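# Observations on the model geometry
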Amino acid sequence: MSAHDSLDKIALEIQQCQKCSLAKSARQAVPGAGNPQAQIVFIGEAPGYWEDQKGIPFVGAAGRLLDQLLASINLSREEIFITNILKHRPPNNRDPLPEEIVACTPYLRRQLLSIKPKIIVTLGRFAMNFFLPQAYISRVHGQAKPVRWEELDLLLFPVYHPAAALRNGQFMQQLRQDFQQLSKVINQKDQPAPPPPPPEQTSLF
Ligand code: URA
């Protein structure tokens, strides 16, 4: 596998993948979509019904909420890349199984190493736990955490899953606030690093 594994090549492999049984029950794979040079990657859990129909991530109800949240901080889908932990829909949208995560996440790893983002926004606990296996989303959501992952220096930004927010008003409120915080983190990242402080003046007299 080359360091410059292109996203198209990875997508083609995902479309042909038979490493777990989900490929049999799903209609099609959902490799991911967006800017191959994105500075920000959003990672969800797994395709749902509409994503499975269309082959595009976050196009159902949770996707419409995600679009609103992105618009609220002036981000468009063209600027970012969106993908999932699992690339095929689990039957009836059940949780991903550990063996499915093991089989599927090498594709995510290759996608990230190809894109080389600066910020990863994890949507929900499955995406968060891929990077921070011990973390609890209730404790860490809305906080940027610098991590060295593989060869990348990343800012991880965990938030609640939009589907969870659609079911629970408190999560919705948190998610909206967390996106405002994400906007600040993105703007800080865009600023040039401040110059180092001048060396201390030591008087010879
Ligand atoms: N939920 C996800 O986690 N991913 C999608 O693509 C859609 C819904």
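We now turn to the structure provided with this report. (Residues numbered from 1 in each chain as written. Predicted model: local features only at pLDDT ≥ 70, side-chain atom pairs only at ≥ 80, totals over all residues. Heavy atoms only, no water.)

Taken as a whole and assessed by the stated rule, the structure comprises 9 salt bridges. Salt-bridge contacts for Arg110 lead to Glu13; the nearest nitrogen and oxygen are separated by 2.8 Å. Of this pair, Arg110 sits in helix H5 (residues 98–115) while Glu13 sits in helix H1 (residues 7–16), and the two are 97 residues apart along the sequence. (Salt bridge = Lys/Arg side-chain N within 4 Å of Asp/Glu carboxyl O. Helix = DSSP H or I, 4+ residues; strand = E, 2+ residues; numbered from the N terminus.)

Turning our attention to the site of the ligand. Near the ligand you find Gly44, Glu45, Ala46, Glu51, Pro57, Phe58, Asn84 and His161, and these make up its full shell. Note that an oxygen atom of the ligand is positioned 2.7 Å from one of the backbone N or O atoms of Glu45. Asn84 places a polar side-chain atom, nitrogen or oxygen, 2.8 Å from a nitrogen atom of the ligand. Coverage of the ligand by the protein chains reaches 91% of its 230 Å² of free accessible surface. Of the residues in the shell around the ligand, the class split is 3 nonpolar, 3 polar and 2 charged. (Near = heavy atom within 4 Å. Polar contact = N/O pair within 3.5 Å; in protein donor to acceptor, adjacent residues only side chain to side chain. Areas by Shrake-Rupley, 256 points an atom, 1.4 Å probe, with all protein chains shown as cover. Nonpolar A, V, L, I, M, F, W, Y, C, P; charged D, E, K, R; others polar.)

This part takes up the packing of H1 against H5. At their nearest, the axes of H1 and H5 sit 10 Å apart, and the two run at 170° to each other. The orientation of H1 with respect to H5, classified from their angle, is roughly antiparallel. Across the interface between the two elements, Leu7, Lys9, Ile10, Glu13 and Ile14 of H1 pack against Tyr107, Arg110, Gln111, Ser114 and Ile115 of H5. Of the residues belonging to the contact of H1 with H5, the class tally is 5 nonpolar, 2 polar and 3 charged. (Axes fitted to C-alpha atoms, helices over the stretch in contact; angles between N-to-C directions. Parallel < 35°, antiparallel > 145°, perpendicular 65-115°, else oblique. Contact = heavy atoms within 4.5 Å.)

Pairing between the strands of a sheet comes from backbone hydrogen bonds, and it takes one of two forms, parallel or antiparallel. The sheet built from 6 strands is open, its strands ordered S1-S3-S2-S4-S6-S5 with mixed pairing. Across the chains shown, the open sheet's two edge strands, defined by having one partner strand only, are strand S1 (33–34) and strand S5 (145–149). Its contacts with the sheet put H5 on strand S2 (40–44), strand S3 (81–84), strand S4 (119–123), S5 and strand S6 (152–159), and the angle it makes with S3 is roughly 165°. (Pairing = 2+ DSSP bridges.)

Moving on, we come to the environment of Ala26. Counting through the fold element by element, Ala26 comes out in the loop between helix H2 (22–25) and S1. In this structure Ala26 comes out as buried when scored by relative accessible area, which is 12%. Sequence spacing of Ala26 and Ile119 is 93 residues, and the spatial spacing of their C-alpha atoms is 30 Å. When residues no more than four places from it in sequence are discounted, the contact partners of Ala26 are Asp52, His88 and Arg89. (Buried < 20%, exposed > 50% of the residue type's maximum accessible area, 1.4 Å probe, protein only.)

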